[in-house]
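# Structure at a glance
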Amino acid sequence: MNKRTLIFCTLLFSTFLVHAQGPVRNRIKTLKVAFITERVGLTSEEAQQFWPVYNEHEATLERIRKKERMELYSGISNAQNLSNSESESLLDDILNLQQEKQRAEQGFLSKMRKVIPAKKVLLLIKAEEDFKKQLLQQYRNRRGGG
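Residues numbered from 1 in each chain as written. Predicted model: local features only at pLDDT ≥ 70, side-chain atom pairs only at ≥ 80, totals over all residues. Heavy atoms only, no water.

### What about the overall build of the protein?
On a plain count of helices and strands, the protein comes out with five helices and zero strands. Its helices and strands taken in sequence order, the protein reads α-α-α-α-α from the N to the C terminus. The buried share of the protein, taken over its 146 residues, is 27%. Considering only residue pairs separated by 6 or more positions, the protein has 71% of its internal contacts joining residues 24 or more positions apart. Summing over all exposed atoms, the protein offers an accessible surface of approximately 10200 Å²; the carbon and sulfur share of this is 55%. (Helix = DSSP H or I, 4+ residues; strand = E, 2+ residues; numbered from the N terminus. Buried < 20%, exposed > 50% of the residue type's maximum accessible area, 1.4 Å probe, protein only. Contact = heavy atoms within 4.5 Å. Areas by Shrake-Rupley, 256 points an atom, 1.4 Å probe, with all protein chains shown as cover.)

### Quick notes on the nonpolar core
In this structure, Ile36, Phe50, Tyr54, Met112, Ile116 and Leu124 are the most contacted members of the largest nonpolar core, which totals 18 residues. Those elements that place two or more of their residues in this core are α2 (21-40), α3 (44-77), α4 (84-115) and α5 (118-145). Ranked by residues supplied to this core, first place goes to α3 with five residues. Ignoring sequence-local partners within four residues, the contact set of Phe50 consists of Ile36, Leu42, Met112, Val115, Ile116 and Leu124. (Core = buried A, V, L, I, M, F, W, Y, C linked by side-chain atoms within 4.5 Å.)

### Considering a nonpolar patch on the surface
Together, Leu109, Leu122 and Ile125 give the surface a local cluster of nonpolar side chains, amounting to about 250 Å² of exposed area. Tracing the chain through its elements places Leu109 in helix α4. (Patch = residues over 30% accessible without salt bridge, like charges linked within 9 Å, V, L, I, M, F, W, Y side chains within 5 Å. Salt bridge = Lys/Arg side-chain N within 4 Å of Asp/Glu carboxyl O.)

### Some thoughts on α3
Across its 34 residues, α3 extends 46 Å between first and last C-alpha, which sits within 8% of the 50 Å expected from 1.5 Å per residue. Its maximal kink placed at Arg69, α3 deviates by approximately 35°. Looking only at α3, the buried set comprises Glu46, Ala47, Phe50, Trp51, Val53, Tyr54, His57, Leu61, Ile64, Glu68, Leu72 and Gly75. (Expected span 1.5 Å × (residues − 1). Bend = angle between axes of the 7 residues up to and from the residue.)

### Some details on the packing of aromatic side chains
Summed over all chains, the structure comprises five aromatic pairs. Measuring from centroid to centroid gives 5.5 Å for Phe50 and Tyr54, while their planes differ by 15°, and the two rings are stacked. Of the two residues, Phe50 and Tyr54 both sit in helix α3, four residues apart, roughly one turn of that helix. Across this residue pair, the class does not change: Phe50 and Tyr54 are buried. An aromatic cluster of at least three residues, connected via ring pairs, comprises Phe50, Trp51, Tyr54 and Phe108. (Phe/Tyr/Trp six-rings, centres within 6.5 Å; stacked < 30°, edge-to-face > 60°.)

And the structure:
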């Protein structure tokens, strides 16, 4: 319980530092690692196998998100001016990226269940959702207060 309080306080503190994006991004990643490690209850042996697979997956998702931001959203924001064929092509790209994300998630979960027990994989999914919810809630609280 004391460990959770420390993690929560650290997470809360980090959200106040959102103005410096680079360092905050690193802090959030560090907090996420601590949050996941605690929530999933990784042993040191599991952690040695878990984190390389997890980090590879995070890098894959970041690459997909970057592609979405750079290629797709610029096209979508200009959708009014696209021809029918350009719209078809952009829609195909969106569908392909969604399929790529889905394949990445399926591959990740398949790898994870070989690294940690199924129950811990489920705890990981829940921990990631809980972490996102906490960040979002803290962001909303901060914006409401400022």
